[in-house]
Amino acid sequence: MGALDRRKDRGDGTGQGHQVDRPGRKDRAGRPPGRVRRLATPLGILAAVAGAFAYVGSVDPNESGHYPVCPLLKLTGVLCPGCGGLRSAHAFIHGDLGAALAANAIATVGYFLFAAVWGFWLVRAWRGQPLRIGLAPVWWWGVGAVLLTFTVVRNLPFGSALAP
């Protein structure tokens, strides 16, 4: 066995030669090595979300004319669960958590939930494990019930504190 063969063979006995992931290396198909490939999707999602937040942080949704009006609000006058989400994101980006919660509490909770799930996803991708979040249907029904309750309450007079 030559020096090159010994470097490729990592002692698993198969002789297949597992190579250590190194920046700039490619596999036979021209793809980056395993760990880089596994991290590409979560990092791509983070880049897209960061770009969207950067845009909303730089273009103030409190000034009219920058963003379209919610179609449900425009047609019916009813606030949907997403109404105030852009103002919430803008306040969140600028570090004003109180204003973010006042604009849309559900969206603000969603930012933290996204960060937790994304962190969990990144760790699992780093370890080479798939992201599996198996929620029973009762959890999805619960999320729907919370969103429906939030929508109804924010449209009633006593729930005006939840309106943007």
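**Concerning helix α4 (residues 85-93)**
Thought 1: Considered for burial, the residues of α4 that qualify are Gly85, Ser88, Ala89, His90 and Ala91.
Thought 2: At its buried positions, α4 is contacted by α2 (34-58), α5 (97-103) and α6 (105-127).
Thought 3: A positive phi of about 80 degrees marks Gly95, the residue just after α4.

**As for the confidence of the model for the protein chain**
Thought 1: With 80% of its residues at a pLDDT of at least 70, the protein chain reaches an overall mean of 81.
Thought 2: Under a pLDDT of 50 for its full length, residues 6-21 has, in the predicted model, 16 contacts with residues more than four places off or in other chains.

**Structural notes on the packing of aromatic side chains**
Thought 1: Taken as a whole and judged by the stated rule, the model has four aromatic pairs.
Thought 2: Centre to centre, the rings of Phe53 and Tyr111 are 5.2 Å apart; their planes meet at 85 degrees, and the pair counts as edge-to-face. Residue Phe53 is located in helix α2, and its partner Tyr111 is located in helix α6; the two are separated by 58 residues in the primary sequence.
Thought 3: A relative accessible area of 16% places Tyr111 in the buried class.
Thought 4: Linked through ring pairs, Phe53, Phe92, Tyr111 and Phe112 together constitute an aromatic cluster.

Rules behind the numbers
Within every chain, residues take consecutive numbers counted from 1 along the sequence as written. Thresholds applied to this predicted model are a pLDDT of at least 70 for local features of residues and 80 or more for the giving and counting of side-chain atom pairs; totals over whole chains, interfaces and linings are not thresholded and use all residues. Water and hydrogen atoms were dropped before computing side-chain values, which therefore reflect all heavy atoms in the structure. Classification of residues uses two cut-offs on accessible area relative to the type maximum, computed with a 1.4 Å probe and protein chains only: under 20% is buried, over 50% is exposed, and between them is partly exposed. In this text, helices come from DSSP runs of H or I with a minimum length of four residues, and strands from runs of E with a minimum of two, each type numbered from the N-terminal end. The contact criterion used is simple: two residues touch if any of their non-hydrogen atoms lie within 4.5 Å. Scored from 0 to 100, pLDDT reflects the predictor's confidence in each residue. A pair of aromatic rings is counted whenever rings of Phe, Tyr or Trp (Trp by its six-membered ring) have centres within 6.5 Å, and the orientation is called stacked for planes under 30 degrees apart, edge-to-face for over 60 and tilted otherwise.

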